[in-house]
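# Tertiary structure, described
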Amino acid sequence: MKETDMEKQLDLEALRRKLQNKQGKHYWRSLEELAETDEFRQLVENEFPSSPLDWDKGLSRRRFLQVMGASLALAGLNACTRQPSEMIFPYVVAPEEFIPGKPLFYATAVTLGGYATGVLAESHMGRPTKIEGNPEHPASLGATDVFAQASMLQLYDPDRSQVVKHVGRISTWESFLVALRTELEAQKAQDGAGVRILTGTITSPTLASQLKKCLARYPLAKWHQYEPVGRDNFKAGAQLAFGEFVDCQYNFEDADVILSLDGDFLSNLPGSLVYARKFTARRNADHEAVKMNRLYAVESSPSLTGAMADHRLALKASEVAGFALAVAHEVGVNADGAAFAGKKSWIAAVARDLKKHRGRCLVVAGEYQSPEVHYLAHALNAALGNVGKTVFYSRSVEANPVLQADSIAELANDMAAGAVDLLVIVGGNPVFDAPANLDFSEKMAQVKMRVHLNLYEDETSNLCHWHVPESHALESWSDARAFDGTATIIQPLIAPLYGSQSAHELLAAIHDEVGKSGHDIVREFWAEQAAPQDFEKFWRVSLHDGVVAGTSFSTKSVKMRGNVELQISKSRTDSGLEVIFRPDPNIWDGRFANNGWLQELPRPLTKLTWDNAALVSPATAEQLGVSNEEVISISVGDRSVAAPVWILPGHVDGALTLNFGFGRTHVGQVGKGAGLNVYPLRTSGKAWMATGAQITKTGDRVELAGTQDHSSMEGRDIVRSASLKDYVEHPEMFHEMGHDPPPELSLYPAYEYNGYAWGMVVDLNTCIGCNACTIACQSENNISVVGKEQVLNGREMHWIRIDRYYEGDLDNPETYHQPVMCQHCENAPCEVVCPVAATTHSKEGLNEMTYNRCVGTRYCANNCPYKVRRFNFFLYADLETESLKLMRNPDVTVRTRGIMEKCTYCVQRINVARIEAKKEGRNIRDGEIVTACQQVCPADAIVFGDINDSESRVSRLKAGHRNYGILTELGVRPRTSYLAKIKNPNPEIVAA
């Protein structure tokens, strides 16, 4: 082992002993913090570097003088950066609907994997600037996820495809139509036998209708579907259970006990926003009318659902089917196969808990688990009487449900056989993400004419004859269904920024309706669905509400099939490591790889940015003799990839997780080359798990931009938690933990707030750590991306960070999430040290920043115990790119170089509410001000309001037993407080 490797290698056994010797609860953020390594100590000590450069690299005298000159100029010029000169032109005749300074909201939807989430898009003077959830939409309930929030940046991305291209050269839409018509005319004689259309998952009723028209016009043509993160296993499991494709929805609101089988229903299912809201509504330990639910999570790779579990069991992916079968046997389900042999007392306790709550429990199988696991989940729910109570079935939401792995394999075989003359790919990137064993790119090269419609010129576009820019969802008309079948008409908020076309317009050209706009195509489809005399009203109401009334699917009666033969065998212990494949939590299957917001957003559990890695458990790292950032070669059969190691406590032993979507070669400048491509290991039969992996060291290291040790508060009393039993018996326990000094000991003068006094409460019991609040804050407040190099220097600019803590055993710890933003301290230590009064206290208790005053001393950041202030070492904001200027919120200034910035409690939203209340001659109502982080949260974990109003929701929460402030022993009196985490463990398992 090299000396550098030895220095990096941690003594994990010593850390285990250290944790065993701890008394009481001990929270830690990383192995390095736990070990108190020299690197960690150095990181903490160098948290506030003295210059914009990395001094450790050494400087020449000339460069030193340049840097010092820049620093002096920075202070002398009041930290201002000259913006480019621009011409501005007023309206000659202003549009009637535009009111300068007052945004309009339009109901529409965004899709992921074909499934729709209803949103409200904010528009300023004709340009969309922010996405919010639609409270009236059943898949949103007013919340959104990181993908919906970041779709705004994707709309304005200057790297988006902008022109039609033919074999790499700029062409026109008209020229493409001529070439397409010529090929289609040649296909008429053979009824389209050589035509293939490849799409992703389709739930759009209009698009499905168009595809049927195409197939009717060319009867021998074929429509194929493929998504790298499809639902094949779920559909195959439903086929095993019921003999047909069906969908199911879950009622978490009425579920007292939930068993999750290697799934992540809080973030990775269609409908996860709703499931998160309903699940966390049952986590209120203070409400007498709410009985707290209990969650068991059995998983192979750590997830947000596992982090929320009251009991979590780490198993190999290959062992989950045997575990599910063992539980099924305990419950009374008759099924054949090899049951899991271990954890018998754990399995028996779970089964008893489920049986005790018949009709009020729920079993959910993970999207990435085998069809057998999905079958057993259906069987368990049926045996436990959950169907019709906590589980509901309906016909499939997909317009044409197929097993997509089989569909794309059939297409690959047809191409190899020379049977395809015209291939039209609508969205997607199969050259990059199709199963590696299909050799899709090589077979596609045998197709005479290849057409690709996509937002970006990507790997697939590079191998196609024709590339057509695709219109963004906020630029085009369409429709889509939500997880329960509810349809939304997708309406544009802005004309296409570039010469793009929608999928509707491309398909219209195939079935001889060239020239029809997307608006006319969608409108004509729905005109056929509604009563003719009521259509105009129907159309207006549907657009206004963002929901087409009466389109949700009714429940469907299903019957379990008998005598089903399950392929469940005992996993081999000598078959090498298992490889678990998962989509990246931020860039998904790679489609968001060029989105800087999502690339720089720390992953919820690993805290990595701009990279992926091979995630392994501490014990597996010991066995392999590897450390963080050490590059290993992972081989499965004759395929291999190289990846750096990242040790993740809680990961199952004997396996590693690879997140796909990285390693793009043809994408915009932001995502090109970020991370490594692991799709070469992912094959048709091993889409989610592969066995028999062999590991070899390469001797290389890769520096990963992880943020888990950034802004460390060094083990102080930050997170508080207890079991439900202990909390019920001793509700004052959290107040007794604090050591807050009495107000009279403060040197700060007392101030009486006669008007409003704003404050916030964050409920750690419902926060799922999904990061939606961080991205919403970034979108609302024009927060810049800094890039991997600056993240490595600890200079990310997010105003909200989600700290992840571990507690307990090194190999299977409990996980806690804690959002931390500016605490708006009553006795703010940042204010007294600012030499120019750039940070001051408002009469309503806000800690305010006056950017024009800031000269960049950074004394305030050095004096902030919460480490929530962000400094612009460089001009991170792009002031040149025209499209990005359209995206920015005009209510929030765009900061330039050399100033301090931080959370403002969305003061711009406070001021809007204040103006409206003043105009109407009233006080601001409770709940009228909703901060960006509060509005986006699917778990309703953040509450903001006036703490002077004793009846406000925030005041009532602050008066509760679970309320506490962090670092209040310093006497800073933060306006943001937290509700302690409560878990509801099964006494049988705790005793065991």
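Values in this document were obtained by computation on a predicted structure and should not be read as measured data. Every chain is numbered on its own, with residues counted from 1 as its sequence reads. Thresholds applied to this predicted model are a pLDDT of at least 70 for local features of residues and 80 or more for the giving and counting of side-chain atom pairs; totals over whole chains, interfaces and linings are not thresholded and use all residues. Only hydrogens and water are removed before side-chain values are computed, so all heavy atoms of the structure are retained for them.

## Side note on the overall build of the protein chain
Where helices and strands are cited, they refer to DSSP runs of H or I of at least four residues and of E of at least two residues respectively, numbered from the N terminus. Along the protein chain, the regular secondary structure elements total 33 helices and 39 strands. Against the compact-globule benchmark of 30 Å for 992 residues, the protein chain has a radius of gyration of 28 Å, which places it among compact chains. Think of it in three bands: residues with accessible area under 20% of the maximum for their type are buried, residues over 50% are exposed, and the middle band is partly exposed, with areas taken using a 1.4 Å probe on protein chains only. Looking at the protein chain residue by residue over its 992 residues, the buried ones come to 60%. Any pair of residues with heavy atoms lying within 4.5 Å of one another is described as a contacting pair. In the protein chain, 74% of the contacts between residues at least 6 apart in sequence involve partners at least 24 apart. Atoms considered for the radius of gyration are the C-alpha atoms alone. The globule rule reads 2.2 Å times the number of residues to the power 0.38.

## Points about the side chain of E398
Within the secondary structure layout, E398 lies in the loop between β14 (391-395) and α15 (404-416). Under the relative-accessibility criterion, E398 is labelled buried at 5%. Once you skip the residues sitting within four places of it in the chain, E398 turns out to touch Y115, T201, I202, T203, K235, D247 and Q404.

## Considering the side chain of S161
Counting through the fold element by element, S161 comes out in the loop between α6 (146-155) and β5 (165-166). Judged by its relative accessible area of 2%, S161 falls in the buried class. In the analysis that follows, any N or O atom pair within 3.5 Å is treated as a polar contact, provided that within protein one partner can donate a hydrogen and the other can accept it, and provided that, for residues neighboring in sequence, both atoms belong to side chains. Within the structure, the side chain of S161 is placed 2.6 Å from the side chain of H467, a separation counted as a polar contact. In contact with S161, other than residues within four places in its own chain, are N454, L455, Y456, E457, H467, P469 and Y498.

## Quick word on the state of the cysteines
Disulfides are defined as pairs of cysteine sulfur atoms found within 2.5 Å of each other. Throughout the structure, instances matching the rule amount to zero disulfides. Take C464: it sits in no disulfide, and the sulfur closest to it among the cysteines is that of C214, at 17 Å. Taking the relative accessible area as the measure of exposure, C464 reaches 8% and is therefore buried. In this model C933 remains outside any disulfide bridge; the closest cysteine sulfur is found in C906, 6.2 Å from its own.

## Topic: the pattern of salt bridges
We count a salt bridge whenever a side-chain nitrogen from Lys or Arg sits within 4 Å of a carboxyl oxygen from Asp or Glu. Considering all chains together, one arrives at 48 salt bridges under this definition. The salt bridge involving D256 is made with R360; its shortest N-O contact spans 3.0 Å. With D256 in the loop between β9 (246-250) and β10 (257-261) and R360 in the loop between α13 (344-356) and β13 (361-365), the pair connects residues that are 104 residues apart, well separated along the chain. Between E928 and R922 there is a salt bridge, and its shortest N-O distance comes to 2.9 Å. For E928, a relative accessible area of 28% puts it in the partly exposed group. It is possible to trace a salt-bridge network through shared partners that takes in K130, E132, E780 and R909.

## Digging into the packing of helix α19 (residues 503-510) against helix α20 (residues 518-529)
Structural elements are reduced to axes, namely lines fitted to C-alpha atoms, with helices fitted over the stretch in contact, and the angle between N-to-C directions of any two is expressed from 0 to 180 degrees. For the pair α19 and α20, interaxial distance at closest approach is 8 Å and the crossing angle is 80 degrees. Regarding the angle of α19 to α20, the classification is roughly perpendicular. Along its contact with α19, which presents H504, E505 and A508, the element α20 presents G518, I521 and V522. The residue makeup of the contact of α19 with α20, split by class, is three nonpolar, two polar and one charged. An angle below 35 degrees is read as roughly parallel, one above 145 as roughly antiparallel, one from 65 to 115 as roughly perpendicular, and any other as oblique. Charged residues are taken to be Asp, Glu, Lys and Arg, nonpolar residues to be Ala, Val, Leu, Ile, Met, Phe, Trp, Tyr, Cys and Pro, and polar residues to be all remaining types, Gly included.

## Quick word on the nonpolar core
Here, nonpolar core refers to any group of buried Ala, Val, Leu, Ile, Met, Phe, Trp, Tyr and Cys residues whose side-chain atoms link them within 4.5 Å. Y250, F252, L259, F265, F323, L354 and L376 are the most contacted members of the largest nonpolar core, which totals 76 residues. Here the element with the most residues in this core is helix α12 (residues 320-331); it accounts for nine residues. Not counting residues up to four positions away in its chain, the partners in contact with L259 are Y296, V298, F323, V327, V350, L354, L362, V363 and V364. Counting residues in each nonpolar core, the second largest holds 70 residues, with I718, W758, Y851 and I924 among its members.

## Section: the sheet that holds strand β31 (residues 814-820)
With antiparallel pairing, the three strands of this open sheet are ordered in space as β1-β30-β31. With one partner strand each, in any of the chains shown, β1 (27-28) and β31 form the two edges of the open sheet. Only strands joined by at least two bridges in the DSSP assignment are considered to pair. With seven bridges connecting them, strand β30 (residues 801-807) and β31 associate as antiparallel partners. Across the sheet, residue E807 finds its bridge partner in β31, namely E814.

## As for the sheet that holds strand β12 (residues 311-314)
Taken together, four strands build an open sheet; the order of strands is β12-β11-β10-β13 and the sheet is parallel. Of all the strands in the sheet, just β12 and β13 have a single pairing partner and so form its edges. Geometrically, the sheet is characterised by an average inter-axis angle of 10 degrees between neighbouring strands, direction not taken into account. Strand direction decides the pairing type here: β10 and β13, joined by five bridges, are parallel. The residue of β13 that forms the bridge with S260 is V364. Set on the sheet, helix α14 (residues 371-383) makes contact with β10 and β13; between it and β13 the angle comes to about 170 degrees.

## Structural notes on the pairing of β31
For β31, the tally of buried residues reaches six of seven residues, placing the bulk of the element in the interior. Adjacent in sequence and paired antiparallel, β30 and β31 are bridged by six residues, among which G808 carries a positive phi angle near 100 degrees.

## Quick word on the confidence of the model for the protein chain
Confidence scores per residue from the predictor, reported as pLDDT, run from 0 to 100. Taken residue by residue, the protein chain gives an average pLDDT of 89. The fraction at 70 or more is 92%. Note on residues 1-7: pLDDT under 50 across the span, and 10 contacts to partners over four residues away in sequence or across chains. A low-confidence stretch, residues 61-81 (pLDDT under 50), is modelled with 24 contacts involving residues beyond four sequence positions or located in other chains.

## Some details on helix α30 (residues 907-919)
For a helix, the expected span equals 1.5 Å multiplied by the residue count minus one. Compared with the 18 Å implied by 1.5 Å per residue over 13 residues, the 18 Å span of α30 between its first and last C-alpha is a close match. What α30 keeps buried is the set Q908, R909, I910, A913 and A917.

## Here we look at the packing of aromatic side chains
Two descriptors summarise a pair of aromatic rings, namely the distance from one centre to the other and the angle between the planes of the rings. Within 6.5 Å between ring centres, the rings of Phe, Tyr and Trp (the latter by its six-membered ring) count as paired, and their orientation is classed by plane angle as stacked under 30 degrees, edge-to-face over 60, tilted in between. If you walk through the whole model with that rule in mind, you get 30 aromatic pairs. Ring centres of Y275 and F483 lie 5.6 Å apart, and the angle between their planes is 75 degrees; this geometry places the pair in the edge-to-face category. With Y275 in helix α10 (residues 272-281) and F483 in the loop between β18 (478-481) and β19 (487-490), the pair connects residues that are 208 residues apart, well separated along the chain. Here Y275 and F483 have matching classes, each one buried. Criterion for a charge above a ring: Arg CZ or Lys NZ at most 6 Å from the ring centre, at most 35 degrees from the ring normal. If you follow R975 out to its NZ or CZ, it ends over the ring of Y753, 4.8 Å from the centre.

## Some words on the packing of helix α9 (residues 232-242) against α14
For any two helices packed against each other, the geometry comes down to the angle between their axes and how far apart the axes lie. Running from N to C, α9 and α14 cross one another at 55 degrees; their axes reach a closest spacing of 7 Å. It follows that α9 is oblique to α14 by the angle criterion. Two packed elements cross with a definite hand, and for α9 against α14 that hand is right-handed. Along the contact surface, α9 presents N233, F234, A236, G237, A238, L240, A241 and F242, while α14 presents P371, E372, H374, Y375 and H378. Helix crossings are classified by the rotation of the near helix relative to the far one: an anticlockwise turn of less than a right angle makes the crossing left-handed, while a clockwise turn makes it right-handed.

## Describing the environment of G499
Residue placement: G499 occurs in the loop between β19 and α19. On a C-alpha basis, the gap between G499 and Y806 in space is 50 Å, while along the polypeptide they are 307 residues apart. Here G499 is in contact with Q162 and P469, once residues within four sequence places are set aside.

## Brief notes about unusual backbone geometry
One non-glycine residue, D439, lies in the positive phi region at around 50 degrees. With respect to the secondary-structure elements, D439 resides in the loop between α16 (430-433) and α17 (440-444). For D940, which is not a glycine, the phi torsion comes out positive at approximately 55 degrees. Examined against the element boundaries, D940 turns out to sit in the loop between α31 (932-936) and β36 (942-946).

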